[in-house]
Amino acid sequence: MLDAGLLIIRLVIGFIMMGHACKKLFGWFGGEGISGTAAFFGVIGLRPARVMAVCGGLIELIGGLLFGTGLWTGFAAILLIIPMLVAIAKVHAGKGLWNLNGGFEYNLVMLGSLIGVALAGAGAYSLDALI
């Protein structure tokens, strides 16, 4: 059951991160696309904003795909940890823990899950195990 649990965690995180990427890059799922993301990134001090928006979206897309499939899982976790730390530092830290107040609760759950899977390994149902 451990391998099934790791698969579920990887798939959920992978799909969520790819969804966040698609919001940033393509404006899907109610996102604002690169231009809107760049405008927000500029407001929070990430410069050059457009480059950071594209890089952030690509990191989430590639990291989510790798993590979800269990390919290079440790590397994928590191890729996905980066935007979580940036989000905490630039957006959520000053708002406390709880998401209701705009805090970093979601980011902390993602960080814990990413680190936990990276330490445990991707499990038997992964491309890492297949390779």
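Scroll up to find the structure.
Residues numbered from 1 in each chain as written. Predicted model: local features only at pLDDT ≥ 70, side-chain atom pairs only at ≥ 80, totals over all residues. Heavy atoms only, no water.

Chemist: Would you mind going over the overall build of the chain in detail, with residue names and values included?
Modeler: Helix and strand counts for the chain come out as six helices and zero strands. Reading the secondary structure of the chain in the N-to-C direction produces α-α-α-α-α-α. The C-alpha atoms of the chain give 15 Å as radius of gyration, which agrees with the globular expectation for 131 residues (14 Å, within 12%). Each principal axis of the C-alpha atoms in the chain carries an extent, and together these give about 45 × 30 × 25 Å. For the chain, the residues scored as buried account for 40% of the 131 residues in total. Computed over 7 positive and 5 negative side-chain charges, the inter-centroid distance for the chain is 13 Å. (Helix = DSSP H or I, 4+ residues; strand = E, 2+ residues; numbered from the N terminus. Rg over C-alpha atoms; globule rule 2.2 N^0.38 Å. Buried < 20%, exposed > 50% of the residue type's maximum accessible area, 1.4 Å probe, protein only. Lys, Arg positive; Asp, Glu negative; His and termini not counted. Charge placed at Lys NZ, Arg CZ, Asp CG, Glu CD.)

Chemist: I'd like to hear about the packing of helix 4 (residues 73-92) against helix 5 (residues 105-120), residue by residue, with values.
Modeler: As a packed pair, helix 4 and helix 5 sit with axes 9 Å apart at the nearest point and diverge in direction by 160 degrees. Between helix 4 and helix 5, the angle falls in the class roughly antiparallel. Relative to helix 5, the crossing made by helix 4 is left-handed. Here T73, G74, A77, L80, I81, M84, L85, A87, I88 and H92 of helix 4 come into contact with helix 5, specifically with Y106, N107, M110, L111, L114, I115, V117 and A118. Residue classes in the contact of helix 4 with helix 5 are distributed as 14 nonpolar, four polar and no charged. (Axes fitted to C-alpha atoms, helices over the stretch in contact; angles between N-to-C directions. Parallel < 35°, antiparallel > 145°, perpendicular 65-115°, else oblique. Left-handed = near helix turned anticlockwise from the far one by under 90°. Contact = heavy atoms within 4.5 Å. Nonpolar A, V, L, I, M, F, W, Y, C, P; charged D, E, K, R; others polar.)

Chemist: Explain the nonpolar core to me, and be specific about the residues and the numbers.
Modeler: Counting residues in each nonpolar core, the largest one holds 17 residues, and the members touching the most others are I13, M17, F67, L80, M84 and L114. Counting only elements with at least two residues in this core, the list comes to helix 1 (2-26), helix 3 (49-69), helix 4 and helix 5. Considering each element in turn, this core owes the most residues, seven residues, to helix 4. Not counting the four nearest positions on each side in its chain, M17 is found in contact with E60, G64, L80, P83, M84, Y106 and M110. By size, the runner-up hydrophobic cluster in this structure holds eight residues, among which are L25, L46, A49 and A53. (Core = buried A, V, L, I, M, F, W, Y, C linked by side-chain atoms within 4.5 Å.)

Chemist: Explain the pattern of salt bridges residue by residue, including any values.
Modeler: All chains considered together, the criterion is met by one salt bridge. Measuring nitrogen to oxygen at the nearest pair gives 3.1 Å for the salt bridge that ties E60 to K24. Placement of E60 in helix 3 and of K24 in helix 1 is noted, with a sequence separation of 36 residues between them. An identical accessibility class is assigned to E60 and K24; each is buried. (Salt bridge = Lys/Arg side-chain N within 4 Å of Asp/Glu carboxyl O.)

Chemist: Lay out a nonpolar patch on the surface in plain terms, naming residues and giving numbers.
Modeler: On the surface, a cluster of nonpolar side chains totalling about 460 Å² of accessible area is made up of L97, W98, L100 and L108. By the secondary structure assignment, L100 is in the loop between helix 4 and helix 5. Its relative accessible area of 80% is what places L100 among the exposed residues. (Patch = residues over 30% accessible without salt bridge, like charges linked within 9 Å, V, L, I, M, F, W, Y side chains within 5 Å. Areas by Shrake-Rupley, 256 points an atom, 1.4 Å probe, with all protein chains shown as cover.)

Chemist: Break down the packing of helix 3 against helix 4 for me, with residues and values.
Modeler: Relative to each other, helix 3 and helix 4 sit at 145 degrees, their axes nearing to 8 Å. Handedness of the crossing formed by helix 3 with helix 4: left-handed. Here helix 3 contributes I59, E60, I62, G63, G64, L66 and F67 to the contact with helix 4, which in turn contributes T73, F75, A76, A77, L79, L80 and P83. Split into classes, the residues belonging to the contact of helix 3 with helix 4 amount to ten nonpolar, three polar and one charged.

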